[in-house]
Amino acid sequence: MHRLRTAIVRLRPLTATQTAQSLSQHRLLAEEPGFRTFRPVRYLSSSVAAEPFLNGTSSNYVEEMYYAWLEDPRNVHKSWDVFFRNANAGAPPGLAYQSPPPLNGTTGRASVQMVQPNVEKLVKDHLAVQSLIRAYQVRGHHIAKLDPLQISCVDFDDAPCAVGFQKVGYYGLSESDMDKMFRLPTTTFIGGNNSVLPLREIIHRLEMAYCQHIGVEFMFINDVDQCQWIRQKFETPGIMQFSLEEKRTLLARMIRSTRFEEFLQRKWSSEKRFGLEGCESLIPALKTIIDVSSQRGVENVIMGMPHRGRLNVLANVIRKELEQIFCQFDSKLEAADEGSGDVKYHLGMYHRRMNRVSDRQITMSLMANPSHLEAVDPVVQGKTKAEQFYCGDTEGKRVMSILLHGDAAFAGQGIVYETFHLSDLPSYTTHGTIHVVVNNQIGFTTDPRMARSSAYPTDVARVVNAPIFHVNADDPEAVVYVCKVAAEWRNTFHKDVVVDLVCYRRNGHNEMDEPMFTQPLMYKKIKKQKGVLKKFAEKLIAEGIITPQDYEEEVAHYDKICEDAYTRSKDEKILHIKHWLDSPWPDFFTLEGQPKHMTCPSTGIKEEDLLHIGKVAASVPEQDFTVHGGLSRILKGRANMVSQRVCDWALGEYMAFGSLLKEGIHVRLSGQDVERGTFSHRHHVLHDQNVDKRICIPMNHISSDQAPYTVCNSSLSEYGVLGFELGFAMASPNALVLWEAQFGDFHNTAQCIIDQFISSGQAKWVRQNGIVLLLPHGMEGMGPEHSSARSERFLQMCNDDPDVFPKLTKDFEVRQLYDCNWIVVNCSTPANYFHVLRRQILQPFRKPLIIFTPKSLLRHPEARSSFDDMLPGSQFLRLIPDDGPAAARPEQVKRVIFCCGKVYYELIRERKNRGMDDTVAVIRIEQLSPFPFDLVKVETDRYVNADLLWCQEEHKNQGYYDYIRPRIRTTTNRTRPVWYAGRDSAAAPATGNKQTHQMELQRFLDTAFDLEAFSGKL
């Protein structure tokens, strides 16, 4: 009984029957700390005639006792306590009374039986109310008025949503309980200052919080504090209030957003622009996020978005000059920059300006991106992470990212999921991203019911516990409030958050498209839909916030701004793509955006530096650190190599990284299992064998003033992680950023990043990038999937002309690198690998570098380099000529074998076994692209009596042959044929049978050294 009575005290309701007054008559008043009382309103469950003891002055006495009991049941006699409990449980006063317990302290059976049912109902009713409140919190968004068109494309599988006035019976409540007072649980804020409310008011407030123009999904979050924070933001009565000034500002932003699109439609009605019509509230939404974030200390905002609404965002959020936007529509403009350029709705922008709300400077950049929806997501995150890294922002308080999405792409593109899963990884987190989904409720011509299996397009965000705020985009005030909460969430918890702007697309996929073909009913509805600006203006006029004249003047003011900019745009004669650059490097280039010089210094380093870095590579700098026994042997082997002044592949890489770090260049290596290395050769992170999670990174112990070294195992993602590293490399030219594929062919799941950003990014967007791709490659008999890095694909995308021998100038080598779209190499020595990594930083511009890295060569006894090849004065060798007996007597050489990579070692072994060192020259082309025409010409001119042959271990329709052959032919002015030795054409990259592998190898080696193999052939 004691426990039941305690429960009664905590959960007791205050009964208000059919004669109950409005909520204002029984609102709580806090008279003293710790005590609560009610306004003096009497609630009677039966007529006065039926209960005569309530007549006259006795009723005043009962009322006084009742108030005393409310403050503390111990203030009254036990009999009164029982009476009030029973009355509150619904018993009429006559039946609520019980005789006081007898003097002997025993309680009669009848009294126990009479109280017990009332206590059970009391508890059940309160639990029912708590369940009802939770139902609204969990599923209130199901019945929220989110769709401006009121056709709702959200499918909840016909699951009943048990909320609302008509559904209280589901919880064991009835209409007679609607005016009963219930104590509110601590998991809701609907009471405001009240701790008790009638059921009717509870439901009304829950409806206002969760079932109007805002739908909130958050109850899947497993952090109690975060859930409470969200409840407080949406449940507190009257919290969504705006000042007069805020409403006027919102109207002005809506006018700019709407009239901008209307202006473009008037001037260029037949041009594609992917306008924002139907979701004009996106502009005030983004500006609110930026304003709130700036007020809380954010200095840099990096954005990524698809094409829809991009010009509007550039104009009204980033604040790109309108004339620069308008001149993009002029088809007669001459391009001033090299490269292809891109369509106007793919271009980016970088701008630093004063934020008028926070009175603080803020830098904003909108990343250029291709039509491949969502591909820019990880790129934005990578650049954001880099900006945070360079300014020491370890908590994301100064730099943040905003990603915009379309509903179909957000649900359909797997890169969204990959990017979300980077959000909380230590080396990839940006400490919270605000995602804004422009939910047109259609994808091109595809209905949502055909485009996704989930109810909402945003359900993917639930995997990382990101709250999702759905909002009707035709209610600008609701949109702005939700965005304010989203910005505050990100600032408070530094976690991702999603804003789902439920809107519509007034036109087709583009302005030339006819949507009535596929969505006739939807577009009949849209044609009748009043514009959101007009509705909002009418609302403010009705509220007396503005007058019709105020509205017309504001519209006319912005229209004049557009017209004046249009007039100025006609003066533009040249189109400057560099004016749309999203990641400028002002200190790296001249003011004109050109390299400061066209020379590349020697990439060698001093011997003492080699010895010092080698010593670090062979050591464990931490005290009392126990490494694995096998690793101890590896470190001892490194020490032996250093003492012998040689290095293998892993040590050569160590020398390159360590020397750059010592020079103040940040090095970041990322990818799957890169800390140890897929082939257990790198070991850049040492793990204590006795202490969990204790690690040591010797590379960060090279010198006291070195740059930091970041090496991080990535998630099992290629598309997302490569995009991230590409974005990281955009932020600064003074960092070596590398991504390593676990095996070379795994890059094909990141092909979109390679094709759309890395290969063509500079041509489209005048944006240089120095990212390095390390792609393990080689035919080792390991089967089709772990052999080829698909070198033919990279070479096919190189932009040099195979049929034109370039003009040889003094700066030819550097100029050739500057003109190419990327550099492709296959090094055969650790020294050359060392040099090409250092050249990537020391050259006066940035180009992507593709390196086909070895597997068996990592431990090949002949694949070692002397320190002499890495000293000052040494450099990367684009071509390594034969230095044996054949080179001494070139006129006696019968065949010249050009090759690259691992096959070189198999060729020289076979040549030695056949005793053909003086008749066959083997020449390595280390830099495949840009092709070393000058050096190849020297070699072909030297061996004038020899056949020319290209040898590769790849199949003929793969690998390098189709790229190399026409270029060697051009070098010889097409006077000498280039023969082929290698595997025959095939569909798969390699065989899965060891014996077949060996047979194929021996077959093409036989061909390579058979001097009569091509006799009589043309």
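Everything that follows concerns the structure shown earlier in this document.
Described in the following lines is the structure provided in the data block. In this text the structure is predicted, and so the values were computed from the model without any measurement. (Residues numbered from 1 in each chain as written. Predicted model: local features only at pLDDT ≥ 70, side-chain atom pairs only at ≥ 80, totals over all residues. Heavy atoms only, no water.)

**Re the overall build of the chain**
Within the chain, the regular secondary structure consists of 33 helices and 30 strands. Of the contacts made within the chain by residues no fewer than 6 positions apart, 80% connect residues no fewer than 24 positions apart. A total accessible area of about 42,700 Å² is found for the chain, and carbon and sulfur atoms account for 51% of it. (Helix = DSSP H or I, 4+ residues; strand = E, 2+ residues; numbered from the N terminus. Contact = heavy atoms within 4.5 Å. Areas by Shrake-Rupley, 256 points an atom, 1.4 Å probe, with all protein chains shown as cover.)

**Some remarks on the pattern of salt bridges**
One pass over the full model with this rule turns up 49 salt bridges. A salt bridge links Lys180 to Asp125; the nearest nitrogen and oxygen atoms lie 3.5 Å apart. Here the residue Lys180 occupies a position in the loop between α5 (109-139) and β3 (181-183), and Asp125 occupies one in helix α5, the gap between them amounting to 55 residues. Here Glu217 ties to Arg462 by a salt bridge, and the two come within 2.7 Å at their closest N and O atoms. (Salt bridge = Lys/Arg side-chain N within 4 Å of Asp/Glu carboxyl O.)

**Focus on the sheet that holds strand β10 (residues 399-406)**
On the basis of which strands lie adjacent, the open sheet formed by eight strands has the order β5-β12-β13-β11-β10-β6-β9-β8 and mixed pairing. Each having just a single partner strand, β5 (214-217) and β8 (349-355) make up the two edges of the open sheet. Ignoring strand direction, the axes of neighbouring strands in this sheet form an average angle of 20°. Where strand β12 (residues 468-472) and strand β13 (residues 497-502) come together, five bridges link them in parallel fashion. Residue pairing in the sheet places Ile468 in a bridge with Val498 of β13. Contacts from helix α9 (residues 282-295) reach β6 (300-304), β8, β9 (360-366), β10, β11 (433-439) and β13, with the element oriented near 165° to β10. (Pairing = 2+ DSSP bridges. Axes fitted to C-alpha atoms, helices over the stretch in contact; angles between N-to-C directions.)

**Details of empty space enclosed by the protein**
According to the stated counting rule, one finds 13 cavities of 30 Å³ or more in the structure shown. Considering only enclosed or pocket space, the largest cavity measures out at about 110 Å³ in volume. Around the largest cavity, the lining is made up of 14 residues, and of these Phe757, Ile758, Gln762, Arg767 and Asn769 lie nearest the centre. Elements with a contribution of two residues or more to the lining of the largest cavity: α23 (719-731), α24 (751-759) and α25 (761-765). (1 Å grid on protein atoms, 1.4 Å probe; cavity = no way out; pocket = protein on both sides within 12 Å on 5 of 7 lines; lining within 4 Å. Points joined across faces, edges and corners; volume = space filled by probe spheres on them.)

**Side note on the environment of Pro806**
Mapped onto the elements, Pro806 comes out in the loop between α26 (791-796) and α27 (812-819). Taking relative accessible area as the criterion, Pro806 reaches 23% and is therefore assigned partly exposed. Taking the C-alpha atoms as reference points, Pro806 and Phe933, separated by 127 residues in sequence, lie 7.6 Å from one another. Excluding residues that lie within four positions of it along the chain, Pro806 makes contacts with Phe812 and Phe933. (Buried < 20%, exposed > 50% of the residue type's maximum accessible area, 1.4 Å probe, protein only.)

**Observations regarding the side chain of Glu953**
Note on placement: Glu953 falls in strand β29 (residues 947-955). Taking relative accessible area as the criterion, Glu953 reaches 5% and is therefore assigned buried. Those residues within four positions of Glu953 in sequence are excluded, and the remaining contacts are Gly778, Met779, Lys902, Val903, Glu906, Arg983 and Phe1004.

**Some points on the pairing of β9**
Buried residues dominate β9, accounting for five of its seven residues. The sheet contact formed by β6 and β9 spans four bridges and is parallel. Directly across from Val301, in β9, lies its bridge partner Met364. Linking β8 to β9, which pair antiparallel, is a turn of four residues; within it Asp359 sits at a positive phi near 55°.

**Here's the deal with the sheet that holds strand β19 (residues 709-713)**
Working definition: the strands of a sheet are paired by backbone hydrogen bonds and lie parallel or antiparallel to each other. Here seven strands make up an open sheet; going across it, the order is β19-β16-β20-β21-β23-β22-β28 and the pairing mixed. Edge positions in the sheet fall to β19 and β28 (927-929), since each of these pairs with one other strand and no more. The mean angle between the axes of side-by-side strands here comes to 20°, regardless of whether they run parallel or antiparallel. Looking at chain direction, strand β22 (residues 823-825) and strand β23 (residues 849-853) are connected through three bridges and run parallel. Bridged to Val825 within β23 is Ile851.

**Here's the deal with the packing of aromatic side chains**
A complete count under the given rule lists 36 aromatic pairs for this structure. Each ring, one from Phe389 and one from Tyr390, has its centre 5.3 Å from the other, and the planes form 75°; the classification is edge-to-face. Exposure remark for Tyr390: the relative accessible area of 33% places this residue in the partly exposed category. Look at Tyr904 and Tyr905: their rings are 5.1 Å apart centre to centre, the planes differ by 80°, and that puts the pair in the edge-to-face class. Ring pairing ties together the aromatic residues Phe260, Phe263, Trp268, Phe326, Phe329 and Tyr566, which thus form one cluster. Here Lys847 stacks its cationic end above the ring of Tyr818, 5.5 Å away from the centre of that ring. (Phe/Tyr/Trp six-rings, centres within 6.5 Å; stacked < 30°, edge-to-face > 60°. Lys NZ or Arg CZ within 6 Å of the ring centre and 35° of its normal.)

**As for the pairing of strand β21 (residues 772-776)**
Along β21, five of the five residues are buried, which leaves the element largely enclosed by surrounding structure. Residues Val772, Leu774 and Pro776 of β21 are buried on one face, and the alternating residues Leu773 and Leu775, pointing to the opposite face, are buried as well. In this structure, β21 lies alongside β23, joined through five bridges in parallel fashion. Counted as the bridge partner of Leu774 is Ile851 from β23.

**A closer look at the packing of α9 against helix α16 (residues 476-493)**
Orientation of α9 relative to α16, taken along the N-to-C sense of each, is 35°, at an axis distance of 8 Å. In this structure, the crossing between α9 and α16 has a hand that is right-handed. Along the contact surface, α9 presents Pro284, Ala285, Thr288, Ile289, Val292 and Ser293, while α16 presents Val479, Val480, Cys483, Lys484, Ala487 and Glu488. When grouped by side-chain class, the residues that make up the contact of α9 with α16 number eight nonpolar, two polar and two charged. (Left-handed = near helix turned anticlockwise from the far one by under 90°. Nonpolar A, V, L, I, M, F, W, Y, C, P; charged D, E, K, R; others polar.)

**So, the packing of helix α8 (residues 244-267) against helix α18 (residues 532-543)**
Running from N to C, α8 and α18 point in directions that differ by 155°, and their axes come no closer than 10 Å. On the basis of the axis angle, α8 is roughly antiparallel to α18. Where α8 crosses over α18, the two elements pack in a sense that is left-handed. Facing Lys247, Leu250, Leu251, Met254, Ile255 and Thr258 of α8, the residues of α18 in contact are Val532, Leu533, Phe536, Ala537, Leu540 and Glu543. Taken together, the residues of the contact of α8 with α18 sort by class into nine nonpolar, one polar and two charged. (Parallel < 35°, antiparallel > 145°, perpendicular 65-115°, else oblique.)

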